[in-house]
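Read off the chains here:
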Amino acid sequence: MDCLEAIKTRRSVRRYRPDMIPEQDLLEILNAGRLAPTAGNFQPWEFIIARDRETIAAIRDASYERQELLATPPVVIAVCADPKRSEYYGERGMTYFCILDCAIATQNMLLAAHALGYGGCWVGGFSEKKVRKVLGIPDNIRVVSLMPLGKLAEGEPWDPPKRELKDILHWDKW
Ligand SMILES: Cc1cc2nc3c(=O)[nH]c(=O)nc-3n(C[C@H](O)[C@H](O)[C@H](O)COP(=O)(O)O)c2cc1C
């Protein structure tokens, strides 16, 4: 699948088959995250890969309203930012660039997972404090996204409407 095809056909997947993702594919997905662009090339991220059922259940408990999409995935990746690594850019680096960098890595991984035949979803609705506790993440580290991944369950994905290109473009001026 080429890049444009992956971008056009990726959709959030929220129900998964329980089959484990082979390590080779998982590493390919994680590597796509590693290759994302970052401000100053500081690469301020750490990726935590949860595969243990109990850990994934605890992550679900840390999500807002115990989100159902965290009930069945064989893998959940937590994308974390270390603000210290972006310190060179001061406040903006530590509160903004490092988060953006992790957002790009998350999207790279979602696209790679899709290209390899898996589905995933960005989960932002969670208590950072609780996720830190479950995964043993130090207090100075930001948890930017959780990403459940797996083979698609029957009926997935849903295709949500998108705003039309003509409605969001501003040529030359707002
Ligand atoms: C920052 C961010 C946070 C999100 N948080 C959640 C979430 O907590 N739970 C969820 O089911 N989907 C979450 N999503 C997925 C969006 O709902 C989804 O991307 C959007 O509805 C568009 O659908 P699509 O990804 O299929 O194009 C999040 C997406 C982003 C970018």
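Everything below is about the structure printed above this text.
Everything numeric here is computed off the predicted structure, so don't read it as measured data. (Residues numbered from 1 in each chain as written. Predicted model: local features only at pLDDT ≥ 70, side-chain atom pairs only at ≥ 80, totals over all residues. Heavy atoms only, no water.)

Novice: How do you make sense of the pairing of strand E4 (residues 142–150) when you look at a structure like this?
Specialist: Where a strand is regular, its side chains alternate between the two sheet faces. Most of E4 is tucked away, with eight of its nine residues classed as buried. Where strand E2 (residues 75–81) and E4 come together, seven bridges link them in antiparallel fashion. When the sheet's bridge partners are listed, Ile77 is paired in E4 with Met147. Relative to E4, strand E3 (residues 119–120) runs antiparallel, the two sharing two bridges. Along E4, the bridge assignment pairs Gly119 with Gly150. (Buried < 20%, exposed > 50% of the residue type's maximum accessible area, 1.4 Å probe, protein only. Helix = DSSP H or I, 4+ residues; strand = E, 2+ residues; numbered from the N terminus. Pairing = 2+ DSSP bridges.)

Novice: Even after reading the chapter, I still don't get the pattern of salt bridges, so can you show me in this structure?
Specialist: Side-chain pairs of opposite charge can arise where the charged atoms are in close proximity. Taken as a whole and assessed by the stated rule, the structure comprises 11 salt bridges. Its salt-bridge partner being Asp19, residue Arg17 comes within 3.9 Å of it at the nearest N-O pair. For Arg60, the salt bridge identified is with Glu68, shortest N-O distance 3.4 Å. Given the relative accessible area of 14%, Arg60 is considered buried. What makes Glu68 exposed here is its relative accessible area of 57%. (Salt bridge = Lys/Arg side-chain N within 4 Å of Asp/Glu carboxyl O.)

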